[in-house]
Every structure is written in structure tokens, then in C-alpha cells.
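Commentary on secondary and tertiary structure
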Number of protein chains: 4
Amino acid sequence: MTAVSDVQATIAELRRTVSDLHRELTRYGLVVWTAGNVSARVPDHDLLVIKPSGVSYDDLTPESMVVCDLDGEVVEGEHAPSSDTAAAAYVYRHMPEVGGVVHTHSTYACAWAARAEPIPCVLTMMADEFGGDIPVGPFALIGDDSIGRGIVETLKDSNSRAVLMAGHGPFTIGTDAREAVKAAVMLEDVARSVHVSRQLGEPKPIDPADVASLFDRYQNVYGQR
Amino acid sequence: MTAVSDVQATIAELRRTVSDLHRELTRYGLVVWTAGNVSARVPDHDLLVIKPSGVSYDDLTPESMVVCDLDGEVVEGEHAPSSDTAAAAYVYRHMPEVGGVVHTHSTYACAWAARAEPIPCVLTMMADEFGGDIPVGPFALIGDDSIGRGIVETLKDSNSRAVLMAGHGPFTIGTDAREAVKAAVMLEDVARSVHVSRQLGEPKPIDPADVASLFDRYQNVYGQR
Amino acid sequence: MTAVSDVQATIAELRRTVSDLHRELTRYGLVVWTAGNVSARVPDHDLLVIKPSGVSYDDLTPESMVVCDLDGEVVEGEHAPSSDTAAAAYVYRHMPEVGGVVHTHSTYACAWAARAEPIPCVLTMMADEFGGDIPVGPFALIGDDSIGRGIVETLKDSNSRAVLMAGHGPFTIGTDAREAVKAAVMLEDVARSVHVSRQLGEPKPIDPADVASLFDRYQNVYGQR
Amino acid sequence: MTAVSDVQATIAELRRTVSDLHRELTRYGLVVWTAGNVSARVPDHDLLVIKPSGVSYDDLTPESMVVCDLDGEVVEGEHAPSSDTAAAAYVYRHMPEVGGVVHTHSTYACAWAARAEPIPCVLTMMADEFGGDIPVGPFALIGDDSIGRGIVETLKDSNSRAVLMAGHGPFTIGTDAREAVKAAVMLEDVARSVHVSRQLGEPKPIDPADVASLFDRYQNVYGQR
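Residues numbered from 1 in each chain as written. Chains lettered and ligands numbered in written order. Predicted model: local features only at pLDDT ≥ 70, side-chain atom pairs only at ≥ 80, totals over all residues. Heavy atoms only, no water.

Under an unreviewed UniProt entry, chain A has the name L-ribulose-5-phosphate 4-epimerase and belongs to Phycicoccus flavus. You can read under Sequence similarities (unreviewed entry) in the UniProt record for chain A the words "Belongs to the aldolase class II family. AraD/FucA subfamily." Word for word, the UniProt comment on chain A under Catalytic activity (unreviewed entry) is "L-ribulose 5-phosphate = D-xylulose 5-phosphate". (UniProt positions renumbered as here; feature names shortened; annotations may be inferred.)

**Side note on the overall build of chain A**
Within chain A one finds seven helices and eight strands. With the C-alpha coordinates of chain A rotated into their principal frame, the extents come out at 60 × 35 × 30 Å. When the 225 residues of chain A are sorted by exposure, 62% land in the buried category. For chain A, contacts bridging at least 24 residues in sequence account for 63% of all contacts bridging at least 6. Surface summary for chain A: the accessible area is close to 8400 Å², and the carbon and sulfur share equals 49%. (Helix = DSSP H or I, 4+ residues; strand = E, 2+ residues; numbered from the N terminus. Buried < 20%, exposed > 50% of the residue type's maximum accessible area, 1.4 Å probe, protein only. Contact = heavy atoms within 4.5 Å. Areas by Shrake-Rupley, 256 points an atom, 1.4 Å probe, with all protein chains shown as cover.)

**Considerations on the pairing of strand 7 (residues 162-165) of chain C**
Residue and element names in this part refer to chain C. Every second residue of strand 7 is oriented toward a common face, with Ala 162 and Leu 164 on one face and Val 163 and Met 165 on the other, all of them buried. As paired elements, strand 6 (residues 136-137) and strand 7 share two bridges and run parallel to each other. Looking at strand 7, one finds that Gly 137 is bridged to Met 165. Regarding topology, helix 5 (residues 146-155) serves as the crossover connection from strand 6 to the parallel strand 7, and that connection is right-handed. Relative to strand 8 (residues 169-174), strand 7 is paired through four bridges, and the arrangement is antiparallel. The residue bridging Ala 162 from the neighbouring strand is Thr 172, located in strand 8. (Pairing = 2+ DSSP bridges. Right-handed = clockwise from strand over helix to strand, strands pointing away.)

**A few points about the environment of Thr 61 of chain C**
Residues and elements named next belong to chain C. Tracing the chain through its elements places Thr 61 in the loop between strand 2 (47-50) and strand 3 (66-69). Exposure remark for Thr 61: the relative accessible area of 30% places this residue in the partly exposed category. Measuring from C-alpha to C-alpha, the distance between Thr 61 and Arg 16 comes to 7.3 Å, with 45 residues separating the pair along the chain.

**Considering helix 6 (residues 177-199) of chain C**
Residues and elements named next belong to chain C. With 23 residues, helix 6 ought to run about 33 Å at 1.5 Å a step, and its terminal C-alpha atoms sit 33 Å apart, in line with that. Within helix 6, 19 of the 23 residues are buried, leaving the element largely enclosed by the surrounding structure. Two or three places before Arg 178, at the opening of helix 6, Asp 176 has a side-chain oxygen 3.2 Å from that residue's backbone nitrogen. One or two steps after helix 6, the chain reaches Gly 201, where phi turns positive at roughly 150°. (Expected span 1.5 Å × (residues − 1). Polar contact = N/O pair within 3.5 Å; in protein donor to acceptor, adjacent residues only side chain to side chain.)

**Some words on the sheet that holds strand 6 (residues 136-137) of chain A**
The strands that make up a sheet are held in pairs by hydrogen bonds between backbone atoms, and each pair lies either parallel or antiparallel. All names here are of chain A. With respect to topology, eight strands assemble into an open sheet ordered 4-3-2-1-5-8-7-6, the strand pairing being mixed. Only two strands of the sheet have a single neighbouring strand rather than two, namely strand 4 (74-76) and strand 6. Here strand 2 (residues 47-50) runs beside strand 3 (residues 66-69); their pairing, made up of four bridges, is antiparallel. In the strand pairing of strand 3, Ile 50 is matched with Val 66.

**Let's talk about the sheet that holds strand 5 (residues 100-104) of chain C**
Residues and elements named next belong to chain C. One open sheet accounts for eight strands, arranged 4-3-2-1-5-8-7-6; its pairing is mixed. Edge positions in the open sheet fall to strand 4 (74-76) and strand 6, since each of these has one partner strand only. Helix-sheet contacts for helix 2 (residues 85-94) involve strand 1 (36-42), strand 2, strand 3, strand 5 and strand 8, and the interaxial angle to strand 2 is about 140°. (Axes fitted to C-alpha atoms, helices over the stretch in contact; angles between N-to-C directions.)

**Observations concerning the interface of chain D and chain A**
Counting residues at the interface gives 31 residues for chain D, matched by 31 residues for chain A. Buried area between chain D and chain A, summed over both chains or domains, comes out near 2800 Å², and the portion from carbon and sulfur atoms is 60%. Three residues stand out in chain D for area buried against chain A, namely Val 32, Trp 33 and Arg 115 of chain D, and they jointly supply 27% of the buried area on that side. For the pair chain D and chain A, the number of links is one salt bridge. The partner of Asp 58 of chain D in a salt bridge is Arg 27 of chain A, with the nearest N and O atoms 2.5 Å apart. Here chain D and chain A share ten residue pairs in polar contact (both at pLDDT 80 or more) between them. (Buried area = accessible area lost by both parts, 1.4 Å probe. Salt bridge = Lys/Arg side-chain N within 4 Å of Asp/Glu carboxyl O.)

**Focus: the UniProt feature "domain: Class II aldolase/adducin N-terminal" (unreviewed entry) in chain A**
Taking the UniProt record as the reference, the feature "domain: Class II aldolase/adducin N-terminal" (unreviewed entry) is found at residues 16-195 of chain A. Within the segment residues 16-195 of chain A, helix and strand shares are 37% and 19% respectively, and the terminal C-alpha atoms sit 35 Å apart.

**So, the packing of aromatic side chains**
Summed over the entire model, instances satisfying the criterion amount to four aromatic pairs over all chains. Between Tyr 28 of chain A and Trp 33 of chain D, the aromatic rings sit 6.4 Å apart at their centres with planes inclined by 40°, giving tilted as the arrangement. Taken together, the residues Tyr 28 of chain A in the loop between helix 1 (2-27) and strand 1 (36-42) and Trp 33 of chain D in the loop between helix 1 (2-27) and strand 1 (36-42) connect one chain to another. In this structure Trp 33 of chain D comes out as buried when scored by relative accessible area, which is 8%. The positively charged end of Arg 115 of chain A is found above the aromatic ring belonging to Trp 112 of chain A, 5.0 Å away from the centroid. (Phe/Tyr/Trp six-rings, centres within 6.5 Å; stacked < 30°, edge-to-face > 60°. Lys NZ or Arg CZ within 6 Å of the ring centre and 35° of its normal.)

**A closer look at the pairing of strand 2 of chain A**
Residue and element names in this part refer to chain A. Taking every second residue as pointing to the same face, both faces of strand 2 are buried, with Leu 47 and Val 49 on one and Leu 48 and Ile 50 on the other. Bridge analysis of strand 1 against strand 2 gives four bridges, and the strand direction is antiparallel. If you follow Val 42 over to strand 2, its bridge partner there is Leu 47. Between the antiparallel neighbours strand 1 and strand 2 lie four residues, among them Asp 44 with a positive phi of about 70°.

**Points about the packing of helix 3 (residues 107-114) of chain D against helix 6 (residues 177-199) of chain D**
Residues and elements named next belong to chain D. For the pair helix 3 and helix 6, the least separation of the axes is 7 Å and the interaxial angle reads 65°. Crossing of helix 3 over helix 6 shows left-handed handedness. Of helix 6, the residues touching helix 3 (which contributes Thr 107, Tyr 108, Ala 109 and Trp 112) are Leu 187, Glu 188, Ala 191, Arg 192, Val 194, His 195 and Arg 198. (Left-handed = near helix turned anticlockwise from the far one by under 90°.)

**Side note on the pattern of salt bridges**
All names here are of chain D. Inspection of every chain in the model, using the stated rule, returns 52 salt bridges over all chains. With its nearest N and O atoms 2.7 Å apart, the salt bridge here joins Arg 198 to Glu 117. Of this pair, Arg 198 sits in helix 6 while Glu 117 sits in the loop between helix 3 and helix 4 (124-130), and the two are 81 residues apart along the sequence. The salt bridge partner of Arg 161 is Glu 129, with a shortest N-O separation of 2.4 Å. Taken together, the residues Arg 161 in the loop between helix 5 (146-155) and strand 7 (162-165) and Glu 129 in helix 4 connect sequence positions 32 residues apart.

**Topic: the relation of the copies chain D and chain A**
After a rotation of 90° and a shift along the axis of 0.0 Å, chain D superposes on chain A with an RMSD of 0.0 Å. Look at the turn and shift together and you get a four-fold axis relating the two. Every residue of chain D has its C-alpha some distance from the rotation axis, and the shortest such distance is that of Gln 199 of chain D, at 5.2 Å. Mapped onto chain A, only 3% of the interface residues of chain D again fall at the interface, so the copies present different surfaces. (Least-squares fit on C-alpha atoms with pLDDT ≥ 70 in both.)

**A closer look at helix 5 (residues 146-155) of chain A**
Here helix 5 of chain A lies mainly inside the structure; eight of its ten residues are buried. For helix 5 of chain A, the elements touching its buried residues are helix 2 (85-94), strand 6, strand 7 (162-165) and strand 8 (169-174) of chain A.

**Digging into the state of the cysteines**
Applying the stated criterion across every chain yields a total of zero disulfides over all chains. In this model Cys 121 of chain A remains outside any disulfide bridge; the closest cysteine sulfur is found in Cys 110 of chain D, 13 Å from its own. Under the relative-accessibility criterion, Cys 121 of chain A is labelled buried at 5%. (Disulfide = S-S within 2.5 Å.)

Put into C-alpha cells, the structure is as follows:
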């Protein structure tokens, strides 16, 4: 009984967290209409909480979030889950350290993705947050494990918490949903700054040793601890 | 009596819907000042509901919307209707499946329109929503059926719900006004992403078979059903 | 007495109108910090109402507006007037049909101004609102009549209600302050759309006869009459 | 006692000022997530007030601000200070006329910084506010005095209140925190306008004598005195 009510309390809290975090996607202009979503792993259970499919950001509530198992099947919820549920579920199955996944079609990240071109690490903010270039994943159709597998294979040996799926758009991961949302916000910011910089010349790459040093400091010293 | 009051109730509801939907045009930055409008067909009647001409978005109310017949003549309303009424009416006369028409001068769609260049389908979101390239319609002056005819001739054999009228700007259609607004929002988003992508190289076209598969899935599986 | 109280009532109303219209400059992102202003002529009097210099848009009130004569000298008000007062006053002295003047440093208009390059008329919205290309005025330093004279000499034989002062930024005029603000909003919109269009090729100029026809219709038929 | 309570009152006021000024960074889109900060010198004391590290702008309060000495050590406050505290402290130690320092990663300033390219003075607004080109400082890693020293060495003989740290982003200074925030806002505005202008050709430099004249007037005549 206790275990059951514990997981119910966790799910109730994650429903609110996931619902609320979509406001960061709209605040930073990463999504239009209904095109983007946040999900969270339910810790210690083979479950995830995700946005319902095709529902407006204005209409999201904790109650409208959908709970699925890690095969993407609905366990609890009145709505159909995001059509990216299978991709997110694949990530949770194969990357146990991941607690949150975000997908958007943010403009500048999509622009690099449409050319299937990685974003070079030319700003300290990129080194801090992503530890190097933002890599490109394969072009993959929705409907099976292709997208999830492309995300995992691209990110598993990378410092980066963001991948540009070719011809599609960005997916980001984090230790929890908030960290994945932060990565989505920072990704679009650096995708834009580096794009703008390259419009008028070649930005200077940061030395790999400096990238490593910046990444290490930011992951271990920045913020409140 | 019943039929009359039914249509009055429908019109009252559409006045509110059409008035409210203009807020999506301003929210997504698709319009400035008074330059863009939404209209809706009154189902089963040869009538449409449209924005009044030159009235600020802040001042729109259900009461200020104008009801016209499908020749564009005012049937009910205290204001002159949008100067795009004739174009919308032509679309409703010739495309019975269309329930909503939207016209904006959104920046990136207009940029492609000013070059009379179709937007190539290089992102899955474009394949999902538009089923291929966004086509260009003819340059046409306001004042007769030229604009309406250009829209209909361009869209009637296309998957696309959006047309870029050359030297002018985008028109979008939908099964209802909300769907036409959604198409206007998605159009500007992909017009921007593809523009940005092409600034630094050539985005990769999506294989036509993949476009067809994505379009089919999105039209039939996405969202709540 | 009556005449005096009439003009006082007119000034009170214009103080509110001019103060409020600055909200359109911030809404459309035409200004940052305090860099831009609206003024209005007091009809039938050699007076104008203008923003105080260097005061934040958040802090503007009807009371903080400044009344000046058409030599730019303060007649009423506790603040120093905008440093563009002399330019606006010159316009009111030499263009009796002008009731409002707006100056901003909006991004895209400034970008054309920094190259001293007119904006070509390639969109119907430009033909409607400006009746042709947006012309460039001379580079002129602040401090004497140079800016005002440059505006007047550039606009007096033009359909355009906007001028790009070289190396400086846009000034717009209108029959009243609201019309001048509208011109500033529309100018930035077309400056941006045409810029974006030209980034990837050459937009097609609209035939001068079509420009004339569109301008005539828009000035005489559009809106509520 | 009086001196102690005076400095406490000053610190209390600066905590509020610094906390509130971060709203200008978000309003003008100069920062995302937590990436940017404002600090202020405590006049006549070897102290500064600065944003806590990694705290969201929504959550900033006067109480959460951190008071440090000019070696960057925390004197008062429950949070770890911004990771840019050492850089700001260095500036306050070496430039006694500086009362405020701001650091952002605003998009267009970062784009110039990534190319290590100064922004040429081609708009009167740049001459007014910055008195010439925006200079570039060295690439410097966080963790010692390198960033602070780079800022001071670049700005000490310049009219400019802004420096683009190569591969990193902008720092701005002012006589107080509000002036430093203003410089950050104006910097991004001119960085964007000049970038956009150069996308389609070469903007014309302003004659150095005119730059000097504009800078002198703006520093001495503009605004309320």
C-alpha cells in the first residue's frame, strides 16, 4: 500500500512538473501550436509522464498529462499521448541516467538539422553546457524505434545533451525534465548565435582543451550546491 | 423558425470564434497593425463571417465581425468587411471542403512570396502539415476575382493548405477557421526555419515517398481522435 | 476664454494620445530603452506635443509630455523635450498637411539606412501603404535644421510617409500621430520582409502601374469610411 | 553606528535595484535561463552586490542577491554568487569610476564575439552611446583574473562602455548598475542592426569627427538634467 501511494504521489507531482515545464517552451519561443513536448521518467518505475498529442499549450493541466510504460503504452490518462512517446520511451529504456526528454522544432536548431550539419563549439556557453559540438543524428521516420535508436546512438558517447535529428529537429535529455528543458533552451540559443555569427564569416573554434576545462567547471561548480 | 434560429446561433458562435482566433495571429507575430484576417464559412449556408476592414486587433469583438454572402456582399454587420472578402468568398464558392480562410503578411512567407519561390519540403514538420512544397500562386491585383482564382487554382490539386501569392503574401485554408489559422502559424514557422537553413547551405530534400508517409500519418493518427 | 479653453482641451487630449501611442512602439519592438518618440501637431496652433527626453516608456504619462512651439521651444511641461524636437518642429513648419511625426531606430529600417539604400517596392503591402520605394534622406547631424530639412526635402515629392535618414534611422509622418505610428510599424514590417527576401535572391519589383493602382485603392477604399 | 546603518541601508537599496534590473535583461531578450547577471558597487565601500549563481530570473528577490568584497569573497548572503563575480570584482578594483557591470550572452553581440570582430560605428545611435566601434577583448578562461583583466585593458582607453570578450560574449559597464544595463540593451540593438545591414552590403562608416561630436552631445545634453 505504501509503495503504491508513494508512486501515486510521485506521479501526481510529475504531472504538475511536466505540465508546467511546457510554459518554458512557449516562453522561449521553441514551439508553435502543439509542436513539441516534455516528458519525465517516474524514478524507480518503468513509467513516464508525457504531454497529450495535439493539445494546445494553453490547455495543458496536470490531469491531461499521460502516463505510459516504457514501451509507450498508456497506463493512465484520458488522452492519446504525444506521437513522440515511442522515441522518449526508447531513450528511457536505454539510458538509465536520463530522467527527462524534450522535443521541439525550434527554428535555429531545425535549420542546422535540415542541413544535417553539427553546430561547432565556438562559444564558451556551448562548452559549458554541451561540452563540444552539437551532433547530428540520422534521418528517421516516426512509427517504430528508429528515432529513439538514433537519439541514443548519437548521444551515448557524447558530452552533449542535445542531438539534431536530420531533417527533423532537436531532442534534448537531462537528469530530470527541468534539465532537459534547460538543454532545449540553451541549444536554441547557441544554434542561433552560431548561425548569426557564421552569416558574416567564420567564428573561431575553441581549443578542445579549453572546451574540456569549461565543461568540467560548469558541470561541477556552477549554480547552487 | 427553428432553422432561422439555428443559423443565428451558428452565426453568433462563429462571430466569437472568428473574433477570438485573431489573437493567435498576434500571438505568433503573423500580423502587424490591421494587416491580416480570419474568416469562416457558415456551414450549410452561402454565408461567411469575416473581420471588419482596418479595425485594430485589440478592438475586435464578436459584434464587430461582418457576415457576407458568398459574393462578398454584406448581409449583417455595421462595418465594412475586410478588403480580402472577395478572395475568401471565391474560395468558399469553389472549394466546398473549405470551412476557414486566413490571410496574413507574415515576414518569412512574404519573403518567399516576393521572390515567387516555393518553399521546398526539407523538414518532417512540413511533410506532416503540408504534404510537400508550399506552392506559389500568381501575382494578382485586388478588386476582382483574380486573387481568389489564383488561390483555388494553386491549391485544388495540392496537398498544401497554404499558398504564397506572388509579391503579396500567404493565404491558408482549413476544414474550419481554427485549422486555417493553424496552417498560417505552421507555414510561417517552416518558412522561417527553411529560410534560415538555406542561408548557410542547402538543406536536404525529404524523399517524396517519406513525405507521403509522414503526411498520411499526421492527417490520420496525430492528435486526439 | 472659449478659444483658450478649447486649445487646453485639445492639448490635454493630445498629451494622452501621444503618451499612449508610445505603447505601440514598444509592442512592435521598434524602440529600446528611450530611443524613439512620437509627436503630434496641435491643430490650428503653432504648437506640438512630444515625448520628454530620455524618459523610459514605462514612465510616460500625459502630464510628462512636453508642449513646444514650432521653433522647438518649450511652452508647457516640466521636462526637457525629446532631442528630436527640432526635427519634428521643422516638419510641422514646412508640411502643413502633417499632423504627426515618429522617429525610431527600428532594426531593419536602420539596416537599410546604414547602407543609405532605398527599400524597393516588391510587396503589395508596400504599394498600399507607401506608394513605391522607401526613399533615403541625407546624413545629417543633430543640433540644427539639417535633419528636419532632410526629411522634408525627401518626402515632399514622394508618396512615401517614411524616410530612411542615412546612417541614422527612420522618420515617418501622418495626418495625425496615430497615422505616423502606423507608418512606422508598417515600415519596419516591410523593411524586414524585403531584407529577408533579398537574403536568398532578388525579389521581383511590382510594375509601377500596379503600384499606383494599389496605392490609390488603399488610400481611398481600405478601412471604415 | 550611523555609518554602519548607512551602509546597510545602501546595501538594502542596491539589493532591490540589482534584483529588479534583471527584468530589463529578460524584457529585451538578452538572456536565457540563468545566463547573465547584473552587479553594482556599494559606493565608498569595497563591496559589490550581485546575482546568485544559477538562480532563475523569476526567482530573484532582493534577499537572494549576494554581497561580496572586491576580491569576490561572499560577505553576506545565503547563495553562491554568480560565477562572473571575480570578473566584476576585478573591474570594480581597477576602474573606480565604474558603479555597475553587466554580463549577458545576447545573440548578436555573441555573434560578433565568436568571430572576435569589433562592431564598426555606422549608426548615429552607436556614436551617441558608445563613441565609436565596440572593441573586442581577449579569449580568456573563467577561474582567475583573466576575464576581468581583459575587460579593463580593453575599456580603459576607450569611449565604449561595452566590450565583446572573444568566443564568450559582452560585458558592459556604467556609472551605476542601471547605466550598465542600458549599455547592454543598446549594445545588442546596435550589434543586431549593424549585423543585419552588413548582410546585404557594406554600411557606411560615420566620419570620426562626427562620431566625436555626437558622443559629446549625447553624454552632455541628452535626457533630463
